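Chain residues, written in single-letter form:
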Amino acid sequence: DSAPFLNGGGSGRVQADERNIKTPYTGVKSAAGESYDVMLIDTDNPVKAVAQLASEADYTIVCVGANSTEGSDRANLSLSHTQDALIEAVASKYEPNKDAKVIVAASIGGAIL
């Protein structure tokens, strides 16, 4: 289970009681119940391997995020690390407008491209 990512700094800083925080994985697993197999694919896997595993799933939820803080702008509107490539690789495994199986959940304090 990946650790929760709480983003924001300055007035956007998140102060939360950790007992009330659910990661995307634990939230989806709880909502799905026993009816579905829910698998967590660690982002340390190569993008192509993750995309291949996702193409075998009924649904894929890609969780991405970018850290931002008050008084400091991000260098660009792209996601950090390989997150843009991950979304593109997972989405490319499905035929457009036919297999709407990819959901992107973004935890971002600003705009992205």
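In what follows, the structure referred to is the one given above.
Cut-offs applied
- Residues numbered from 1 in each chain as written.
- Predicted model: local features only at pLDDT ≥ 70, side-chain atom pairs only at ≥ 80, totals over all residues.
- Heavy atoms only, no water.
- Core = buried A, V, L, I, M, F, W, Y, C linked by side-chain atoms within 4.5 Å.
- Buried < 20%, exposed > 50% of the residue type's maximum accessible area, 1.4 Å probe, protein only.
- Helix = DSSP H or I, 4+ residues; strand = E, 2+ residues; numbered from the N terminus.
- Contact = heavy atoms within 4.5 Å.
- Pairing = 2+ DSSP bridges.

**Student:** Can you walk me through the nonpolar core in this structure?
**Tutor:** Most often, soluble globular proteins keep nonpolar side chains buried together rather than apart. In terms of nonpolar packing, the biggest core is built from 13 residues, with Val62, Val64, Leu79, Leu86, Ile87 and Val90 touching the most fellow members. Those elements that place two or more of their residues in this core are α2 (47–55), β1 (60–66) and α3 (83–91). A per-element tally of this core places α3 first, with four residues. Apart from the residues within four sequence positions on either side, Ile87 is in contact with Val62, Val64, Leu79 and Val104.

**Student:** I would appreciate a short explanation of the environment of Pro46 in the present structure.
**Tutor:** Mapped onto the elements of the fold, Pro46 is located in the loop between α1 (24–32) and α2. On a C-alpha basis, the gap between Pro46 and Leu86 in space is 8.9 Å, while along the polypeptide they are 40 residues apart.

**Student:** Would you explain the pairing of β1 in this entry?
**Tutor:** It is a general feature of regular strands that their side chains alternate between the two faces of the sheet. Extensive coverage of β1 is indicated by the burial of five of its seven residues. When β1 meets strand β2 (residues 102–108), the two strands line up parallel, connected through seven bridges. Along β2, the bridge assignment pairs Val62 with Val104.

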